[in-house]
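Residues per chain, in single letters:
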Amino acid sequence: MNYIYICNALPEEVNNKLERSVAGNKFSLNMAKALNEAAGDHLQFLSLSQGAEELVSSLCGGEIWPGKKLHSVRKGNLFFFSEIAYIFRLKKTIQKIIKEQGQSVIILENAPMAPAVCCELMKRWHGVPCFSITIDTPFTKAFSSKGLVGHVNYALFKRGQNALRHFNGLITFTKAAEKDLHIQIPCMEFAIGCNREQIPTQKQIPLLSNDGKKTVVYAGTLIYYNCIHELLCAFAQLGEDYQLHIYGYGPLEEEVRKMSELYSNIHFHGRFSPKETNSILVKYDLLINPRQLDESIENFTFPSKLVDYILSCKSVLTSDFRTMPNEYHSFLYIIREMTPEGIANAVKACFEEPLHDRQRRVREAVSYIKQNQTYDIIAKKILSFINGNL
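Residues numbered from 1 in each chain as written. Predicted model: local features only at pLDDT ≥ 70, side-chain atom pairs only at ≥ 80, totals over all residues. Heavy atoms only, no water.

Points about the overall build of the protein
And then number 1: Scanning the protein for helices and strands turns up 14 helices and 14 strands.
And then number 2: The C-alpha atoms of the protein give a radius of gyration of 22 Å, which matches the 21 Å a tight globule of 390 residues would have.
And then number 3: Along the longest, intermediate and shortest principal axes, the C-alpha atoms of the protein span 65 × 50 × 45 Å.
And then number 4: The buried share of the protein, taken over its 390 residues, is 54%.
And then number 5: By element, 50% of the accessible surface of the protein is carried by carbon and sulfur atoms, the whole surface being about 18100 Å². (Helix = DSSP H or I, 4+ residues; strand = E, 2+ residues; numbered from the N terminus. Rg over C-alpha atoms; globule rule 2.2 N^0.38 Å. Buried < 20%, exposed > 50% of the residue type's maximum accessible area, 1.4 Å probe, protein only. Areas by Shrake-Rupley, 256 points an atom, 1.4 Å probe, with all protein chains shown as cover.)

Quick notes on helix α12 (residues 340-352)
And then number 1: Along its 13 residues, α12 runs 19 Å from first to last C-alpha, staying within 8% of the 18 Å computed at 1.5 Å per residue.
And then number 2: By the burial criterion, the buried members of α12 are Pro 340, Gly 342, Ile 343, Ala 344, Ala 346, Val 347, Cys 350 and Phe 351.
And then number 3: On its buried face, α12 is in contact with β9 (215-219), α8 (228-238), β12 (286-289), β13 (315-319), β14 (333-335) and α13 (355-372). (Expected span 1.5 Å × (residues − 1). Contact = heavy atoms within 4.5 Å.)

Some thoughts on the packing of aromatic side chains
A ring pair, where both rings are aromatic, is described by two values, the distance of the centres and the angle of the planes.
And then number 1: Under the criterion given, the structure shown has 13 aromatic pairs.
And then number 2: Pairing Phe 27 with Phe 190 gives two aromatic rings, centres 6.2 Å apart and planes at 45 degrees, and the pair type is tilted. Note that Phe 27 is positioned in helix α2 (residues 22-38) and Phe 190 in the loop between β8 (187-189) and β9, a separation of 163 residues in sequence. Take Phe 27 and Phe 190: they sit in the same class, and that class is buried.
And then number 3: Here a set of aromatic residues connected by ring pairs shows up, and it is made of Phe 27, Phe 173, Phe 190 and Tyr 375. (Phe/Tyr/Trp six-rings, centres within 6.5 Å; stacked < 30°, edge-to-face > 60°.)

Describing the sheet that holds strand β4 (residues 68-72)
And then number 1: The strand order across the open sheet formed by 8 strands is β3-β4-β2-β1-β5-β6-β7-β8, and the pairing between neighbours is mixed. The open sheet is flanked by β3 (63-65) and β8, the only strands paired with a single partner. Each strand axis lies, on average, 30 degrees off the axis of its neighbour in the sheet, ignoring direction.
And then number 2: One ladder, built from 3 bridges, connects strand β7 (residues 169-172) with β8; its direction is parallel. From the neighbouring strand, Leu 170 faces β8, where its bridge partner is Cys 187. (Pairing = 2+ DSSP bridges. Axes fitted to C-alpha atoms, helices over the stretch in contact; angles between N-to-C directions.)

Quick notes on the pairing of strand β2 (residues 43-47)
And then number 1: With 4 of 5 residues buried, β2 lies mostly within the body of the structure.
And then number 2: Two strands pair when backbone bridges link them, and strand β1 (residues 2-7) and β2 are joined in this way by 5 bridges, in the parallel orientation. Along β2, the bridge assignment pairs Cys 7 with Ser 47.
And then number 3: The sheet contact formed by β2 and β4 spans 3 bridges and is parallel. Across the sheet, the residue bridging to Leu 46 is His 71, located in β4.

Here we look at unusual backbone geometry
And then number 1: Phi is positive for Glu 19, which is not a glycine, with a value near 55 degrees.
And then number 2: As for its placement among the helices and strands, Glu 19 is situated in the loop between α1 (12-17) and α2.
And then number 3: According to the relative accessible area criterion, Glu 19 is partly exposed, its value standing at 49%.
And then number 4: Phi is positive for Asp 41, which is not a glycine, with a value near 65 degrees.

As structure tokens, this is what we get:
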């Protein structure tokens, strides 16, 4: 069987140069590469990203990764009318790919309106099987539905979501997402993974530091739903015994900067390169990942940084995501209340646990990821699900 993977990803070099989202791009590339390998190099890659064609050509020779052509379709600038035209441009490109490589299955990330409707048409008119890897909620309160533009945006989101009803299957973090999306189609649960070569062996896992220091790091987007304000207030309460280091950028960057000037135990390091992630994380004793648990998005949230945190072989403190595998609760520390006091109490509890118990958690976490969450394992499960629902 042949596959067409459709998403917003770009080659890593291009994505970094344009300073676009790192986590989403990393997931898409890793997932597509793993599926391509599991499918015996029978996967074509179609990027929905706009405005990067020249960079892709000059930096990467028109390839998404070495040896794999990147297909793309230009979208116009006439808002709603361009969306309609984009549906048929995508359809023409997909049909061309299918003509060249033979019978194919479409795998679409999420459900943006034009690509989702295009897939619906390919399924209804031409019998092409379609599946969605839905890892993002169709419409959150981060978007406004006010005014003419807001109403049109909302309508486009809803139309993309409705198109999923005609798909062969849904691949998402939890089957509860079906209810949120108001659809009833076959559903498979999965979790974001990592590449097998990233995982240290048990012998390579270093001993945790016993020097008495209490250093904590947050590395990610500085935005309200990552509880940045609450995190800053928590460390303002904790005082000098607990040192917080923040890496990243986003709308709350200025607040982080001001708090780092007011409190000597809060340190802001600014933007960082994805290649530096592990070298940054291993410097600190506790890696923290707070997130507002909003019911409207919780079934679509599984932060990829959790896996990066685990593989750094350090203690990890996180919000209690509904989409986390139950096994995570035995080796991660959990923030029970997303308030400054709740975060502060959780941080203190982590450091109060005996060192040998913290070390045990680290070893269990790495072992679990190796056995369950590598992209090669996930890709094989996805292809098995797809082939069972054609």
